Amino acid sequence: MAHFSSSTFSFVSYVLVLCMLLGMQINTTSAQLSTTFYATSCPNVLSTIQTAVAAAVANEPRMGASLLRLHFHDCFGCDASILLDNTATFTGEKNAGPNANSVRGYDVIDTIKSRVEALCPRTVSCADILAVAARDSVVALGGRSWNVPLGRRDARTASANAANSNLPGPGSSLSGLITNFANKGFTAKEMVILSGSHTIGQARCTTFRNRIHTETNIDPTFANSLKGICPTSGSSNNLAPLDSNPTLFDNTYYKNLISRRGLLHSDQVLFNNGSTDAQVIAYNNDNPTFLTDFAVAMVKMGNLSPLTGSNGEIRTNCRRTN
């Protein structure tokens, strides 16, 4: 996900894999996923998840961004490892630097899982619930739907080290973002597309303090408007919206970048006289294409190295292994 260690979603529990091997995994494992995977075994699962997500987002619109971010931070791997609590044998990802006091929505996933277990015991993985909830969150906030390939299984372990080592931070450079995404088989264009997930949600002061107080590629009025909630010290957990309309999934994010109103440094580097400027301009001018391209990119992201077949398990409680 680009700059996804902000307080909303951004991306990933990265597990290091060589780019060539990743490309092979996309071609092999994604073929094992199917949009009709639960058609017989749990035919009402999609409507059950959708109803729960719609209710959660209606209650708190920010939750849509949080659920999307949960899926981002779970991938690449998309194996629900982020949901595991610490055990005596491993330290999980919840308290890794990019996730602690930041990633949220676990309780919503717990609610969905219990409803799904009541419907179809030991059938639907937590990883698939995360993927579907992310899609339904985007739709609930005005974005375009997509068919989610299903059939992922859940990890039996998690790695705090992987989350700490491989997640691009809010201070990332453009070259760093491009490299991080390339290492996972994504083009620079796809990186710009997925960064558009920052059209919803909020970020903590600690992730944008340096930008508003020291950077020059920022609209002065915008910077000044944020200094009251994010002074040079303290108030680290105060929140600000990632774009100027944070409860509507649209191309406002790109419009803000062109106005030099990207909240995070790693947002604004996408439009800073660099190689991705043209893509930002294109999405600024074409909301329908952004929404379509985002849906396609999300399918690709959800297909990165899932556990399938006999690998992993179907957890009955998303917080712990069976």
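Residues numbered from 1 in each chain as written. Predicted model: local features only at pLDDT ≥ 70, side-chain atom pairs only at ≥ 80, totals over all residues. Heavy atoms only, no water.

Examining the nonpolar core
Generally speaking, nonpolar side chains in soluble globular proteins are found buried as a group.
Link 1 in the chain: Formed by 67 residues in total, the largest nonpolar core has its most connected members in L83 and F294.
Link 2 in the chain: For this core, the element with the highest residue contribution is helix 5 (residues 126-140), accounting for 9 residues.
Link 3 in the chain: Other than its neighbours up to four places away in sequence, F294 contacts L68, F72, V138, W146, I193, L194, S197 and F249.
Link 4 in the chain: Core analysis: the next-biggest nonpolar cluster, separate from the first, contains 13 residues, F208, I212, L263 and L264 among them. (Core = buried A, V, L, I, M, F, W, Y, C linked by side-chain atoms within 4.5 Å. Buried < 20%, exposed > 50% of the residue type's maximum accessible area, 1.4 Å probe, protein only. Helix = DSSP H or I, 4+ residues; strand = E, 2+ residues; numbered from the N terminus. Contact = heavy atoms within 4.5 Å.)

Here's the deal with the UniProt feature "binding site: substrate" (unreviewed entry) in the chain
Link 1 in the chain: UniProt records the feature "binding site: substrate" (unreviewed entry) at P168, using the numbering of this structure.
Link 2 in the chain: Mapped onto the elements, P168 comes out in the loop between helix 6 (160-166) and helix 7 (174-182). (UniProt positions renumbered as here; feature names shortened; annotations may be inferred.)

Overview of empty space enclosed by the protein
To find the voids left in a structure, one rolls a probe of water-molecule size over its atoms.
Link 1 in the chain: Following the criterion strictly, the structure yields 1 cavity of 30 Å³ or more and no others.
Link 2 in the chain: The calculated volume of the largest cavity comes to roughly 50 Å³.
Link 3 in the chain: Lining the largest cavity we find H71, A131, W146, V148, P149, R152, M298, V299 and G302.
Link 4 in the chain: Residue composition of the lining of the largest cavity, grouped by class: 6 nonpolar, 2 polar and 1 charged. (1 Å grid on protein atoms, 1.4 Å probe; cavity = no way out; pocket = protein on both sides within 12 Å on 5 of 7 lines; lining within 4 Å. Points joined across faces, edges and corners; volume = space filled by probe spheres on them. Nonpolar A, V, L, I, M, F, W, Y, C, P; charged D, E, K, R; others polar.)

Quick look at the packing of helix 8 (residues 188-195) against helix 14 (residues 287-302)
Link 1 in the chain: Helix 14 packs onto helix 8 with a crossing angle of 105° between their chain directions and a minimal axis gap of 9 Å. The angle between helix 8 and helix 14 falls in the class roughly perpendicular. In this structure, helix 8 contributes K189, E190, I193 and L194 to the contact, and helix 14 contributes F290, D293, F294, A297, M298 and K300.
Link 2 in the chain: In terms of residue class, the contact of helix 8 with helix 14 is made up of 6 nonpolar, no polar and 4 charged. (Axes fitted to C-alpha atoms, helices over the stretch in contact; angles between N-to-C directions. Parallel < 35°, antiparallel > 145°, perpendicular 65-115°, else oblique.)

Description of the side chain of S195
Link 1 in the chain: Tracing the backbone through its elements, the reader meets S195 in helix 8.
Link 2 in the chain: Of the polar contacts made by the side chain of S195, one reaches the backbone oxygen of M191; its length is 2.8 Å. (Polar contact = N/O pair within 3.5 Å; in protein donor to acceptor, adjacent residues only side chain to side chain.)

Some remarks on the packing of helix 7 against helix 8
For any two helices packed against each other, the geometry is given by the interaxial angle and the distance between the axes.
Link 1 in the chain: Running from N to C, helix 7 and helix 8 cross one another at 100°; their axes reach a closest spacing of 9 Å. In terms of their interaxial angle, helix 7 and helix 8 are classed as roughly perpendicular. Here L174, L177, I178 and F181 of helix 7 come into contact with helix 8, specifically with A188, M191 and L194.
Link 2 in the chain: Residue classes in the contact of helix 7 with helix 8 are distributed as 7 nonpolar, no polar and no charged.

Structural notes on the state of the cysteines
Link 1 in the chain: Evaluated as defined, the whole model comprises 3 disulfides.
Link 2 in the chain: Covalently, C126 is tied to C318 through a disulfide, its sulfur atoms 2.1 Å apart. Where C126 bonds to C318 through sulfur, the torsion about that S-S bond is close to -100°, and the disulfide is left-handed. With C126 in helix 5 and C318 in the segment after helix 14, this residue pair connects regions lying 192 residues apart in the sequence.
Link 3 in the chain: On the basis of relative accessibility, which here comes to 1%, the residue C318 falls in the buried class.
Link 4 in the chain: Between the sulfur atoms of C205 and its disulfide mate C230 the distance is 2.0 Å. Because the sign of the S-S torsion sets the handedness, a value of about 75° for the bond joining C205 and C230 places this disulfide among the right-handed ones. Here C230 lies in the loop between helix 10 (220-227) and strand 2 (239-241) and C205 lies in helix 9 (residues 205-214), a separation of 25 residues in the sequence. Exposure class is identical for C205 and C230. Each is buried. (Disulfide = S-S within 2.5 Å.)

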